[in-house]
Amino acid sequence: PKQRRHSSCACCEGKRTAMSDFYSAYPSQPEQRHGASSSGAGGNSTGGAPFYGQGGFGQQQQGNGSASASSSSYGAYGGAQQSWQQQPLAPEKPSNNGTMEGSYSNQPAQQPLFDPSMAAAAMTSVAAQGFTPDAMFGQGQKLVEGFLDKSTARFIPGLDLFMRTLRVYFAVDNRFVKGKAQRVLFPFVYKDWARLEDQATTPSDNNIAYCPPVQDINAFDLYIPLMTLITYVLLCALCYGTAGEFNPEVLPDVTTKCFLTQILEVLAIRGGFFAMHAPVKLLDLFSVTGYKYLGLSINMLVGLLFSHLGWGYRGYYGTFLWTASAVSYFMLKTMANNIPRVVAATGPKREFMVLGFAASQFVTMWFVSQTKFLD
């Protein structure tokens, strides 16, 4: 049996008025209804009419329980017709590069830091040249340059410029290493100490561009200082080990002592250049003061060999007299050919500074010597 409607009842009329007032406060957020209206199945709803009329929205409902076909238009605001039906979102699909297509599809894929094809090409080129040392060095240098260009050097400010500057000091080959070692250990037989100017590079800010070490035997490098420092530290550890006094702290202790001594020496020499108003690069000073480790390595090696005969101290300091004198003379000739002839008149004398720089090599080589357990 159908329930009796009280459409004309005062209580129902009050409820409809309250609902109309409630919904009229939210004209821009219409409630989406599913199915038939709230007045019952098969009936036409008139209670929501005040709500749909607030914002100028017109709605036409069909009876007999069918869903209301909404055609909303911004009549009051002169806008075009717009459908209320929400379009379904397309699911994201994984792409070939591992990213999800959609809102993140425009982001470029991250490039790998190391390309295996470059290594394969380098091995093929080395094999074609017969695995010669020069070919292996050249291909290795190309791989390092390519890695630095594509790796974190691009993302750290200033690191790329520093690596490019540092790369020049490691541009060496076997001929340069052999010739430079001979000049450091036997500098008395050489007469030519002037550096070659790079004619292909245009000088800037009155700074002369010099050839890299691979082209000039008198150029400064950091390969020999670094390798000889590592060799000297390992020989000191061997000296401690043969005496039964080795511990893991030997390696960092010797390295720290050598490096801090060299830093203080570089700062002192840099102060002398500043007093003379002469330009100089810090990496050049680290290079020229690092050749002492070649002499220290030879001293320690001879001391270890003579220690089996009980002449460890004698062998070490006998060799020390030669190597320290050679390194000091090498510093003398190097500084004499790299410090400008004309310096500030109010500063120290150029000749005294050159002699002081040379004498510093003798003192620092004695200070960092490790002869405690040679005998």
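One can find the structure itself at the top, above this paragraph.
Because the structure is predicted, anything quoted here is derived from the model rather than measured. (Residues numbered from 1 in each chain as written. Predicted model: local features only at pLDDT ≥ 70, side-chain atom pairs only at ≥ 80, totals over all residues. Heavy atoms only, no water.)

Asks: What exactly am I supposed to notice about the packing of aromatic side chains here?
Replies: By convention here, two paired aromatic rings are described through the distance between centres and the angle between planes. Under the counting rule described, the total for this entry stands at 11 aromatic pairs. Ring centres of Y240 and F373 lie 4.9 Å apart, and the angle between their planes is 65 degrees; on these two criteria the pair is classed as edge-to-face. You can see Y240 sitting in helix 7 (residues 223–242) and its partner F373 sitting in the segment after helix 12 (350–367), a full 133 residues away along the chain. For Y240, a relative accessible area of 14% translates into the label buried. Judged by relative accessible area, F373 falls into the buried class, the value being 18%. (Phe/Tyr/Trp six-rings, centres within 6.5 Å; stacked < 30°, edge-to-face > 60°. Helix = DSSP H or I, 4+ residues; strand = E, 2+ residues; numbered from the N terminus. Buried < 20%, exposed > 50% of the residue type's maximum accessible area, 1.4 Å probe, protein only.)

Asks: What is the right way to read the pattern of salt bridges from this model?
Replies: Side chains carrying opposite charge are able to pair once their charged atoms draw close together. Applying the stated criterion across every chain yields a total of one salt bridge. Close ionic contact of K292 with E265 constitutes a salt bridge, the shortest N to O distance being 2.8 Å. Note that K292 is positioned in helix 10 (residues 292–307) and E265 in helix 8 (residues 250–276), a separation of 27 residues in sequence. Judged on exposure class, the residue K292 and its partner E265 are both buried. (Salt bridge = Lys/Arg side-chain N within 4 Å of Asp/Glu carboxyl O.)

Asks: I would appreciate a short explanation of helix 12 in the present structure.
Replies: The periodicity of an α-helix, 3.6 residues per turn, causes residues three or four positions apart to be oriented the same way. Given a rise of 1.5 Å per residue, 18 residues ought to cover 26 Å, and the 26 Å separating the end C-alpha atoms of helix 12 matches this to within 8%. What helix 12 keeps buried is the set R350, M353, V354, F357, A358, S360, Q361, T364 and M365. For helix 12, the arc enclosing every buried residue in end-on projection is 140 degrees, short of the 170-degree limit, so these residues lie on one face. Facing away from the buried side of helix 12 by more than 90 degrees, the exposed set consists of E351, F352, L355, V363 and W366. Where helix 12 is buried, its residues touch helix 8, helix 9 (282–290), helix 10 and helix 11 (312–338). (Expected span 1.5 Å × (residues − 1). Arc of directions from axis to C-beta. Contact = heavy atoms within 4.5 Å.)

Asks: What exactly am I supposed to notice about the nonpolar core here?
Replies: Proteins that are soluble and globular tend to have nonpolar side chains buried together. Ranked by size, the top nonpolar core spans 50 residues in total, and within it Y232, F273, M300, M335 and F357 carry the most contacts. Sorting the residues of this core by element identifies helix 6 (174–185), helix 7, helix 8, helix 9, helix 10, helix 11 and helix 12 as the ones contributing at least two each. Element by element, the count of residues in this core is highest for helix 7, at eight residues. Those residues in contact with M300 that lie beyond four places of it in its chain are Y232, L235, C236, C239, Y316, Q370 and L374. (Core = buried A, V, L, I, M, F, W, Y, C linked by side-chain atoms within 4.5 Å.)

Asks: Looking at this model, I keep getting lost on helix 8. Mind explaining?
Replies: Over its 27 residues, helix 8 extends 39 Å from the first C-alpha to the last, a length consistent with the 39 Å expected when each residue adds 1.5 Å. Regarding helix 8, the residues found buried are V250, V254, C258, T261, Q262, E265, V266, I269, G272, F273 and M276. Tucked inside the fold, the buried residues of helix 8 contact helix 7, helix 9, helix 10, helix 11 and helix 12. Positive phi shows up at H277, right after helix 8, with a value of about 60 degrees.

Asks: What should I look at first to understand the side chain of D284 in this one?
Replies: Positionally, D284 belongs in helix 9. This buried residue, D284, is left without a salt bridge; R195 holds the nearest opposite charge, at 4.4 Å. A polar atom in the side chain of D284 sits 2.7 Å from the side chain of Y169. Sequence-distant contacts of D284, defined by excluding residues within four places in its chain, comprise Y169, R195 and F220. (Lys, Arg positive; Asp, Glu negative; His and termini not counted. Polar contact = N/O pair within 3.5 Å; in protein donor to acceptor, adjacent residues only side chain to side chain.)

Asks: Mind showing me how you'd approach the state of the cysteines here?
Replies: A covalent bond between the sulfur atoms of two cysteines is referred to as a disulfide. A complete count under the given rule lists zero disulfides for this structure. Here C258 is not disulfide-linked; the sulfur of C236 is the nearest cysteine sulfur, at 6.7 Å. A residue is classified by how much of its surface remains accessible, and C258, at 2% relative accessible area, is buried. (Disulfide = S-S within 2.5 Å.)

Asks: Would you mind going over the environment of G310 with me for this structure?
Replies: Considering the arrangement of structural elements, one finds G310 in the loop between helix 10 and helix 11. Under the relative-accessibility criterion, G310 is labelled partly exposed at 44%.

Asks: I would appreciate a short explanation of the packing of helix 10 against helix 11 in the present structure.
Replies: Packed helices, taken two at a time, are described by their axes: the angle between them and the distance between them. Two numbers describe how helix 10 lies on helix 11: the axes approach to 7 Å, and their chain directions differ by 160 degrees. In terms of orientation, helix 10 lies roughly antiparallel with respect to helix 11. For helix 10 against helix 11, the interelement crossing comes out right-handed. Contacts between helix 10 and helix 11 pair K292, G295, L296, I298, N299, M300, V302, G303, F306 and S307 from the former with G312, G315, Y316, T319, F320, T323 and V327 from the latter. Looking at the contact of helix 10 with helix 11 residue by residue, the class counts come to eight nonpolar, eight polar and one charged. (Axes fitted to C-alpha atoms, helices over the stretch in contact; angles between N-to-C directions. Parallel < 35°, antiparallel > 145°, perpendicular 65-115°, else oblique. Left-handed = near helix turned anticlockwise from the far one by under 90°. Nonpolar A, V, L, I, M, F, W, Y, C, P; charged D, E, K, R; others polar.)

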